[in-house]
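# Coordinates in review
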Amino acid sequence: MISSVLPTYNRAPLSFVKGEGSWLIEADGRRFLDLGAGIAVNTLGHANPELAQTLKDQADTLWHVSNLYKIPAQEKLADMLVDLTFADTCFFTNSGTEAAELAIKMARKYWYTKGQPEKIEIITFDGCFHGRSTGAIAASGAEKMVKGFGPLMPGFVHLPFGDHEALTAAVSDKTAAIMIEPIQGEGGIRVVPDQCLKGLRDLCDEKGILLIFDEVQCGVARTGKLFAHEYAGVTPDIMMIAKGIGGGFPLGAVLATEEAASGMTAGTHGSTYGGNPLGCAIGAKVLEIVSDPAFLAEVNRKASLMRQKLEGLVAAHPDVFESVRGQGLMLGLKCKVAPGDLVAKGYEAGVLTVPAADNVVRLLPALNISDEDISDAVARIDAAAKAL
Ligand SMILES: Cc1ncc(COP(=O)(O)O)c(C=O)c1O
């Protein structure tokens, strides 16, 4: 008999009833060090007191108002994002997938409005992940995501990861945009080298193509800069964010330049919940905390500490691990064993990690994880590797 919850996940036999900082706790009191953080969501750990207070204060004041009206909390967060980034304007969503949908619509509408409606193709790369809507799975093209779901939204061109010649050859009069994660998350913590992001920007400028960055997983201070693309010193025309910006509250956004957003006039897009006061109040608090240069410096210091310890782990278990990769606190352990096996042994050792493609186990801790918890977490992964 089918479970009351649609069984689209292979769930681990764990169930948490409480969270405290970087720890998740089961009903019997068993504690787990959480290096998944809800897959890069709980930026400031579980039950963060400042975020909880912000949520309570907003809940006592105003939960939801329609986008038919001005929403001060939404305008505040939009102003902050515009001040801190390349963007001139933002649209708020409840998830990364919804942000991807709007990014796709915005890119196509841009060219339509410019009088070039034939420019509808969006170039994406193997291993990418932009969500599970029909548009987002078409963007990915991966068989495991699209199989059985009928005709896909046309207009996506899928290229191998890192193949410059294939990219140059694929650009045509129909190309509207290139969409890429500066660091692939689900694809296995694959960092796009800075020179490649620069090359993409140059190509887009030369050919008149929009550049879309998906920073749903790698954005919002996870890499030690507010956004991962800052390392390359280039900016996109459109960017999706979600996950970390809400710190655990469902919130996403599309950020865009005025030019890229120029087709999105009144009535072209909308959302009932997107940009609601609860989500935006939390988002503004998260952003205020993580955009502080002192906070970002701490993320980098913790990231160096964790990476150093992980390098030691790789050296100690040459049969289990191949290398450490990633940027900041978006780290991956490239494995020689099945990542799922290591993750499962981790459960026994009381540490939560997340498998990804390319034989990688992801480590995406809360950005304010303590040094002590970093040491404890690596010791637990060590125990998991020994138990394999
Ligand atoms: C890079 C990237 N884009 C988009 C998404 C989809 O976001 P959501 O699950 O919030 O819809 C994800 C989720 O893992 C992601 O990692």
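Just so it is clear, the structure is predicted and the values come from calculations on it, not from any experiment. (Residues numbered from 1 in each chain as written. Predicted model: local features only at pLDDT ≥ 70, side-chain atom pairs only at ≥ 80, totals over all residues. Heavy atoms only, no water.)

### Some words on the sheet that holds strand E6 (residues 156-159)
- Across the sheet, 7 strands lie side by side as E4-E12-E11-E10-E7-E5-E6; this open sheet has mixed pairing. Strand pairing shows two members of the sheet lacking a second neighbour, strand E4 (89-93) and E6, which therefore form its edges. Averaged over all adjacent pairs, the angle separating strand axes in this sheet is 20 degrees, with direction ignored.
- The sheet strands contacting helix H4 (residues 96-113) are E4, strand E5 (121-125), E6, strand E7 (175-180), strand E10 (210-214), strand E11 (238-241) and strand E12 (252-256), and the helix crosses E11 at an angle near 170 degrees. (Pairing = 2+ DSSP bridges. Helix = DSSP H or I, 4+ residues; strand = E, 2+ residues; numbered from the N terminus. Axes fitted to C-alpha atoms, helices over the stretch in contact; angles between N-to-C directions. Contact = heavy atoms within 4.5 Å.)

### Quick notes on the sheet that holds strand E14 (residues 330-335)
- Strand order in the open sheet formed by 4 strands is E13-E14-E17-E16, with antiparallel pairing between adjacent strands. The open sheet terminates on both sides in strands that have one partner only, identified here as strand E13 (321-327) and strand E16 (354-356). With direction set aside, neighbouring strand axes in the sheet form an average angle of 30 degrees.

### Brief notes about the environment of Ala 221
- Within the element layout of this structure, Ala 221 appears in the loop between E10 and E11.
- Along the chain, Ala 221 and Gly 328 lie 107 residues apart, while their C-alpha atoms are 8.5 Å from each other.
- Ignoring any residue separated from it by four or fewer positions in sequence, one finds Ala 221 in contact with Leu 226, Val 290, Leu 296, Val 299 and Leu 367.

### Focus on the environment of Leu 77
- Looking at the secondary structure, you find Leu 77 in helix H3 (residues 72-84).
- Using a relative accessible area of 0% as the deciding quantity, one classes Leu 77 as buried.
- Each C-alpha atom of the pair Leu 77 and Lys 285 lies 8.9 Å from the other, and the pair is 208 residues apart in sequence.
- What Leu 77 contacts, discounting residues up to four positions off in sequence, is Phe 92, Leu 251, Cys 280, Gly 283, Ala 284 and Leu 287. (Buried < 20%, exposed > 50% of the residue type's maximum accessible area, 1.4 Å probe, protein only.)

### Digging into the UniProt feature "binding site: pyridoxal 5'-phosphate" (unreviewed entry) in the protein
- As annotated by UniProt and renumbered to match this structure, "binding site: pyridoxal 5'-phosphate" (unreviewed entry) occupies Gly 96, Thr 97, Phe 129, Asp 214, Glu 215, Val 216, Gln 217 and Thr 272. An extended arrangement is adopted by the annotated residues: their sequence extent is 177 residues, and the largest C-alpha distance between any two is 25.0 Å.
- The topology assignment puts Gly 96 in helix H4.
- Contacts of Gly 96, omitting those with residues within four sequence positions, involve His 130, Val 216 and Ala 242.
- The topology assignment puts Thr 97 in helix H4.
- When its relative accessible area of 24% is taken as the criterion, Thr 97 is described as partly exposed.
- Once residues within four sequence positions are removed from consideration, Thr 97 is found in contact with His 130, Gly 131, Arg 132, Ser 133 and Ala 136. (UniProt positions renumbered as here; feature names shortened; annotations may be inferred.)

### Concerning the state of the cysteines
- By the definition in use, this model includes 0 disulfides.
- Cys 280 provides the cysteine sulfur closest to Cys 90, a residue in no disulfide bond, and the two sulfurs are 9.5 Å apart.
- Free of any disulfide, Cys 128 has its nearest neighbouring cysteine sulfur in Cys 218, separated by 13 Å.
- On the basis of relative accessibility, which here comes to 6%, the residue Cys 128 falls in the buried class. (Disulfide = S-S within 2.5 Å.)

### Things to note about the pairing of E11
- Residues Ile 238 and Met 240 of E11 are buried on one face, and the alternating residues Met 239 and Ile 241, pointing to the opposite face, are buried as well.
- Alignment of E10 against E11, held across 3 bridges, turns out to be parallel. Of the residues in E11, the one forming a bridge with Ile 212 is Ile 238.
- Pairing geometry for E11 and E12, over 4 bridges, is antiparallel. Residue pairing for E12: Ile 238 is matched across the bridge by Ala 256.

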